[in-house]
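Breakdown of the fold
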Amino acid sequence: SGFENISLIISARFSKDVDALWRKHDLDKNGYLDREEARTFVFEISECIDTDRAKLYDPLNFDSLFNRFDENNDKFLSKSEMAAFIKKVFNKNQEK
């Protein structure tokens, strides 16, 4: 699915199923999230992840993070690109 190990990798607890969130925010059902779909997806992830990790996300950094993880510059994030985004943003053990 693309997200099966995300909780394990960042030792996070999600109150919602990440794949279900992806499907909810992939409004055109093309398998990718455009910038606005991704913005609301990441916001909802920040709302359903454990609080200490939610504090790591600053919505003001969203656009630069989106650009950084859109590896092929197609203006969409794939599940693997979004998984890297989530790991970077919500990993407590990362270097700042």
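Residues numbered from 1 in each chain as written. Predicted model: local features only at pLDDT ≥ 70, side-chain atom pairs only at ≥ 80, totals over all residues. Heavy atoms only, no water.

Looking now at the nonpolar core. Grouped together as the largest cluster of nonpolar side chains are 27 residues, with contacts concentrated most on F3, F41, M82 and F85. The element best represented in this core is helix α6 (residues 79-90), accounting for 6 residues. Ignoring any residue separated from it by four or fewer positions in sequence, one finds M82 in contact with F3, W22, L33, A38, F41, V42 and L77. (Core = buried A, V, L, I, M, F, W, Y, C linked by side-chain atoms within 4.5 Å. Buried < 20%, exposed > 50% of the residue type's maximum accessible area, 1.4 Å probe, protein only. Helix = DSSP H or I, 4+ residues; strand = E, 2+ residues; numbered from the N terminus. Contact = heavy atoms within 4.5 Å.)

Moving on, we get to the environment of K55. Along the chain, K55 falls in the loop between α4 (51-54) and α5 (62-69). Note: C-alpha distance between K55 and V89 (34 residues apart in sequence) is 9.8 Å.

Turning to the packing of α5 against α6, a few remarks are in order. Between α5 and α6, the shortest axis-to-axis distance is 9 Å and the interhelical angle comes to 130°. Considering the angle they form, α5 stands oblique to α6. For the element pair α5 and α6, the recorded crossing hand is right-handed. Taking contact as the criterion, the partners of F62, L65, F66, R68 and F69 in α5 are, on α6, E81, A84, F85, K88 and V89. (Axes fitted to C-alpha atoms, helices over the stretch in contact; angles between N-to-C directions. Parallel < 35°, antiparallel > 145°, perpendicular 65-115°, else oblique. Left-handed = near helix turned anticlockwise from the far one by under 90°.)

Summed over all chains, the structure comprises 6 aromatic pairs. Ring geometry for Y57 against F90: centres 6.0 Å apart, planes inclined by 45°, an arrangement best described as tilted. Of this pair, Y57 sits in the loop between α4 and α5 while F90 sits in helix α6; the two residues are 33 residues apart in sequence, bridging distant segments of the chain. Relative accessible area serves as the criterion here: at 0%, F90 is assigned to the buried category. With 5.9 Å between their ring centres and 45° between their planes, F62 and F85 make a pair best called tilted. Residue F62 is located in helix α5, and its partner F85 is located in helix α6; the two are separated by 23 residues in the primary sequence. With relative accessibility at 0%, the residue F62 sits in the buried group. The exposure class assigned to F85 is buried, which follows from its relative accessible area of 0%. An aromatic cluster is built from F62, F66, F69 and F85, whose rings are joined through pairwise contacts. (Phe/Tyr/Trp six-rings, centres within 6.5 Å; stacked < 30°, edge-to-face > 60°.)

Let us now look at unusual backbone geometry. Here the phi dihedral of K29 falls at roughly 55°; this positive angle occurs in a residue that is not glycine. Within the secondary structure, K29 sits in the loop between α2 (18-25) and β1 (33-34).

So, on to the side chain of H25. For H25, the location among the structural elements is in helix α2. By relative accessible area, which is 8% here, H25 ends up buried. Within the structure, the side chain of H25 is placed 3.0 Å from the side chain of T40, a separation counted as a polar contact. H25 has contacts with L33, E37, T40, F41 and E44, leaving out every residue within four places of it along the chain. (Polar contact = N/O pair within 3.5 Å; in protein donor to acceptor, adjacent residues only side chain to side chain.)

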